[in-house]
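Summary of structural features
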Amino acid sequence: NDVINNFISIKKNLDLYKKNFLEKINLRYVVMCENLRVSGIQTAGVPNHRVKTLIIDVKFDKRYFERSIHHELFHMIDDSFENLFSKKDWEKLNYENFKYAECSTCTNKSDLSLVKNSKGFLTEYSMSTASEDMAEIFSFMMTDKKRLNEMAKLDPILDKKIVFLKDKLSKIDKNINFK
């Protein structure tokens with residue numbers, strides 16, 4: 001039942017994208033596994049656009065499972081179109097004194113729940129690196145657009161980040177549909 005339920009959830013979320021878009025970002029295979037770890041650290045998924053595969057941990061925290069699908073998918077988008085998603089341009093959108101860590105595992109910022117005072121960020125994890133920040137915002141664009149838009153009305157930095165992502169994503173597929 002777990003496999004069937006997770007398959008249904010993964011399919012429902014991937015069905016938000018047109019086949020042509022998934023081909024552009026080099027996704028062909030989805031592998032479901034349990035208790036996925038990278039360098040000993042639990043992870044929701046591992047994207048690899050070179051082998052056209054997205055690995056999803058079906059035992060990952062159910063509160064964030066659907067968001068994690070889109071989060072990891074964004075990493076495939078970013079890896080497939082690195083020239084579009086400039087980390088330097090993204091960093092300029094943040095408050096002047098904010099600095100990301102060298103890597104997402106170089107920090108203890110791993111909480112995926114919404115932060116109370118966003119200041120340009122949705123989750124603690126989004127404060128780890130520019131690419132994780134983009135992936136977190138994208139995951140909300142695909143799963144909880146209403147809440148994201150409410151937060152963006154109160155947060156001009158978050159609003160600029162959403163505009164940035166929409167602009168870059170439209171260069172890949174002008175018909176991408178945000179839930």
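As a reminder, the structure under discussion sits directly above these lines.
Everything in this summary refers to the structure shown in the same document. (Residues numbered from 1 in each chain as written. Predicted model: local features only at pLDDT ≥ 70, side-chain atom pairs only at ≥ 80, totals over all residues. Heavy atoms only, no water.)

Brief notes about the overall build of the chain
Let me state the cut-off plainly: Under the scheme used here, helices are H or I runs from DSSP no shorter than 4 residues and strands are E runs no shorter than 2 residues, and both carry numbers assigned from the N terminus. Only C-alpha atoms enter the radius of gyration; for comparison, a globular chain is expected to reach 2.2 Å times N to the power 0.38, where N is the number of residues. Accessibility here uses a 1.4 Å probe with only protein chains present; expressed as a share of the type maximum, an area under 20% marks a residue as buried, one over 50% as exposed, and anything in between as partly exposed. What makes two residues a contact is simply this: any of their non-hydrogen atoms within 4.5 Å. Each accessible area is a Shrake-Rupley result for a 1.4 Å probe, and residues are judged covered by the shown protein chains and nothing else.
Helix and strand counts for the chain stand at seven helices and five strands. Across the chain, helices and strands are ordered from the amino to the carboxyl terminus as α-α-β-β-β-β-β-α-α-α-α-α. Computed over C-alpha atoms, the radius of gyration of the chain comes to 15 Å, within 12% of the 16 Å expected from 2.2 N^0.38 for 179 residues, which places it in the range of a compact globule. Structurally, the chain occupies a C-alpha span of about 45 × 35 × 30 Å along its principal axes. Taken across its 179 residues, the chain has 47% of its residues classed as buried. Across the chain, every contact between residues at least 6 apart in sequence was considered, and the portion connecting residues at least 24 apart equals 65%. Element-wise, carbon and sulfur atoms account for 49% of the exposed surface of the chain, whose accessible area totals about 10,100 Å².

Thoughts on the environment of Ile 10
As for its position among the elements, Ile 10 is in helix H1 (residues 2-14). What makes Ile 10 buried here is its relative accessible area of 5%. Separated by 110 residues in the primary sequence, Ile 10 and Gly 120 have C-alpha atoms spaced 28 Å apart.

Quick notes on helix H7 (residues 156-172)
Here is the rule we go by: Each helix should span, by expectation, one fewer than its residue count multiplied by 1.5 Å. Of all possible arcs, the one meant is that of the directions from the helix axis to the C-beta atoms. We call two N or O atoms a polar contact when they sit within 3.5 Å, provided that within protein one can donate a hydrogen and the other can accept it, with sequence-adjacent residues counted only if both atoms are side-chain atoms.
The terminal C-alpha atoms of H7 lie 25 Å apart, and with 17 residues this matches the ideal 24 Å at 1.5 Å per residue to within 8%. For H7, the complete set of buried residues consists of Ile 157, Leu 158, Lys 161, Ile 162, Phe 164, Leu 165, Lys 168, Leu 169 and Ile 172. Viewed end-on, H7 has its buried residues packed into an arc of 160°, placing them on one side of the element. Across H7 from its buried face, at more than 90 degrees, point the exposed residues Pro 156, Val 163 and Lys 171. At its buried positions, H7 is contacted by helix H2 (19-24), helix H3 (65-80), helix H4 (87-91), helix H5 (130-143) and helix H6 (145-154). The N-cap of H7, judged by a side-chain oxygen 3.0 Å from the amide nitrogen of Ile 157 a few residues on, is Asp 155.

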